[in-house]
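# Overview (structure and organization)
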Amino acid sequence: MKSRTFVCIVCPNGCTVEVQYEEQEVLAISGNKCKKGAEYVTQEMTDPRRTIATTVPISGAELPLCSVRLTKAIPKKDIFRVMEEIRKVSLEAPVTIGQTVIRNVCGLDSDVIVTKNMKREMNKN
Amino acid sequence: MEQRDVVIIGGGPAGLAAAVKLKEKEINDILIIERERQLGGILRQCIHDGFGLTRFGETLSGPEYSQRFIDEVETLGIDFITNATVIDLTGDKIVTVATRDGLLQVQAKTVILAMGCRERTRGALAIPGTRPSGIYNAGVAQSYINLFNTMVGKEVIIMGSGDIGLIMARRLTLEGAHVKAVFEVLPYPSGLPRNIEQCLHDYDIPLYLSHSVIEIKGNERIEGVRVAEVGTDLKPIPGTEKDFSCDTLILSVGLIPENELSLAAGAVLDERTKGAFVDENFQTNVPGIFAAGNVLHVHDLVDFVSLEAEALAEGAAQYLKRGYLEACDIPVETDAKIGHVIPQRISGKKNFRMSMRVRKPTGKCRIEVRQGEHLIKSVPLPKALPAEMIQFEVEADQILPNGKIEVSVYEK
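Residues numbered from 1 in each chain as written. Chains lettered and ligands numbered in written order. Predicted model: local features only at pLDDT ≥ 70, side-chain atom pairs only at ≥ 80, totals over all residues.

With that out of the way, let us pick up the domain arrangement of chain B. Bring the parts together and some accessible area is lost; that lost area is often taken as the interface size. All names here are of chain B. Assigned domains within chain B: domain 1 (1-119 + 254-325), domain 2 (121-253) and domain 3 (328-412). Here the C-alpha centroids of domain 1 and domain 2 sit 31 Å apart. With seven residues of domain 1 in contact, the opposing surface of domain 2 contributes 12 residues. (Domains from an automatic or database assignment. Contact = placed C-beta atoms within 7 Å.)

Have a look at this one:
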């Protein structure tokens, strides 16, 4: 039997979770305060996933950038591929929170959405 | 002079949460004063997610988190002015504000200090060497990259393992920079374990504990740093020096509550928190002046800032309705293992939430709240880290009418 230790990133508790496993089979999980911790390490053992947050250029707003994030975690290995896709888009004010920027980015079943309300400013182009 | 029941200085998470809660308590005459162009405070540039798990039960980015409160402020019709800087506050609660339309003076019945904190700078660390460009505080780099579309550099060294530094290590990496290393002078990280994991480990960024930048090199632009291991006295150990080339140095070496206005009003500050001494209602020693959020003590999570400001609003509303609050004569003190505690004095007649941080990482332990021999509360913890605030409720029916309260940590 082998064991691996993880720091759960689901919430600020940051539990240290120990997993005992054989081959691909998880035998025991300990150290997590809640069941999300168990779900996290089980996912992490086989297919680690992360969400990312970044910005895209926006025209006509108070600031030159608008913040965006993914609606669902994507495989860790695809982070930079998704960043490349996000880099290709730009927005025009006004935008509102939740507005979709890219649907199903890279076919990963996650959308890129706006996370900041930005009004149209008269004197900006 | 304009009269207001409540003036809130600062339209960040603390000020917004206090305003909404006060309005719910039927306090209607509120003015929020914000120096930036928009409400929201520092969350406007904190575009990463992970906010709101405690307060809203879901994970949000900073701008989304603050928008929830801004929406409520707008729906409830709470007055606010932006682009307006408070330049003076008196103990009589006269607030002087520099606005785009000239100077404004407001006589308030209650003032809520919600100015937040600022970053410790290179000057405070006295790092020897030249004074080239390319040295940024983590929060400054964050505003350049996330708000103003300005990349700060390509080859990056980060000094200090505070949460903003860790968040910026990831952000810079996503934007194509090479973050070479994070150096932390203490033998343990300052930031939260989950940020070490998802911001450093995920991107193979090394963290060197017990290391410090001892010299900065370069003339026009920074060209590199000299780093050394430090001993238990935090002084560099001769012979351990190493040179790293870089074009950017990010400092994430601590936050300091911004209390110039509090001092001007006569509030007494606690040497440990660098914020005001407060009672269980978050009232400072100046009657009718309250403080919550990072201006009071630096928080680990914005959720706790909101909750603290909401608790403050309960006390401030009661002060407005009655004209006074219960005397708080019981001091709260800590042992040497605890860095600070909030509140620093209580009435003993009201349940309250106690917040603290330990000075050093501690394994399994318990925190005891006592009055002499009398045990008020014992809180077992699986671990305690300086990066994390510890909070729990203390029930008034356990508190004796007299005698100072002492908070201690016992390792198992």
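From this point, the discussion proceeds with the structure in view.
Now for the interface of chain B and chain A. Facing 22 residues of chain B, the contacting portion of chain A comprises 24 residues. Sorting elements by how many residues they give to the side of chain B that touches chain A places helix H6 (residues 193-200) of chain B first, with four residues. Taken together, the residues of the side of chain B that touches chain A break down into nine nonpolar, six polar and seven charged. (Helix = DSSP H or I, 4+ residues; strand = E, 2+ residues; numbered from the N terminus. Nonpolar A, V, L, I, M, F, W, Y, C, P; charged D, E, K, R; others polar.)

A few words now on the domain arrangement of chain A. Once the domains are mapped, chain A shows domain 1 (2-46) and domain 2 (53-114). Taken over C-alpha atoms, the centre of domain 1 of chain A sits 30 Å from the centre of domain 2 of chain A.

Quick look at the environment of Phe392(B) now. Residue and element names in this part refer to chain B. Relative to the helices and strands, Phe-392 resides in strand E26 (residues 390-394). On a C-alpha basis, the gap between Phe-392 and Val-407 in space is 12 Å, while along the polypeptide they are 15 residues apart. With near-sequence residues (within four places) excluded, Phe-392 lies in contact with Met-354 and Val-379.

Residues and elements named next belong to chain B. Overall, parallel pairing links the five strands, which are arranged E10-E17-E11-E12-E13 in an open sheet. Among the strands making up the open sheet, the edge pair consists of strand E10 (135-137) and strand E13 (207-209). Here the strands of the sheet are splayed against their neighbours by 20° on average, with no regard to which way each runs. Here helix H5 (residues 163-174) sits on the sheet in contact with strand E11 (155-159), strand E12 (178-184) and strand E17 (248-251), set at roughly 170° to E12. (Pairing = 2+ DSSP bridges. Axes fitted to C-alpha atoms, helices over the stretch in contact; angles between N-to-C directions.)

The strands making up a sheet associate through backbone hydrogen bonding, with each pair oriented either parallel or antiparallel. Residues and elements named next belong to chain B. In space, the three strands of this open sheet follow the order E21-E23-E26, with antiparallel pairing throughout. Looking at which strands have only one partner, the edges of the open sheet turn out to be strand E21 (338-342) and E26. Strand after strand, the sheet turns through a mean of 25° between neighbouring axes, direction not considered. Here strand E23 (residues 352-358) runs beside E26; their pairing, made up of five bridges, is antiparallel. What sits directly across from Met-356, in E26, is Ile-390.

This part takes up H5(B). Residue and element names in this part refer to chain B. A rise of 1.5 Å per residue sets the reference length of H5, with its 12 residues, at 16 Å; its end C-alpha atoms lie 17 Å apart and thus fit the reference within 8%. For H5, a buried count of 11 out of 12 residues is recorded, marking the element as mostly surrounded by other parts of the structure. Those residues of H5 not exposed but buried are Asp-163, Ile-164, Gly-165, Leu-166, Ile-167, Met-168, Ala-169, Arg-170, Arg-171, Leu-172 and Thr-173. Turning to H5, the residues buried within the fold contact helix H4 (138-146), E11, E12, H6 and E17. (Expected span 1.5 Å × (residues − 1). Buried ≥ 20, exposed ≤ 12 C-beta atoms within 10 Å, placed from the backbone.)

It is worth spelling out unusual backbone geometry at this point. Note that the residue after Ala93(A), namely Pro94(A), is joined by a cis bond; omega there is 5°. Mapped onto the elements of the fold, Pro94(A) is located in the loop between strand E8 (91-92) and strand E9 (100-102). With an omega dihedral of -5°, the bond running from Ile342(B) to Pro343(B) counts as a cis peptide bond. Structurally, Pro343(B) can be placed in the loop between E21 and strand E22 (345-346). Even without a glycine there, the phi angle at Lys274(B) is positive, about 65°. With respect to the element layout, Lys274(B) can be found in the loop between helix H7 (260-264) and strand E19 (289-291). Overall, Lys274(B) belongs to the partly exposed group, with 19 C-beta atoms counted inside 10 Å. Despite not being glycine, Phe282(B) shows a phi value in the positive range, around 65°.

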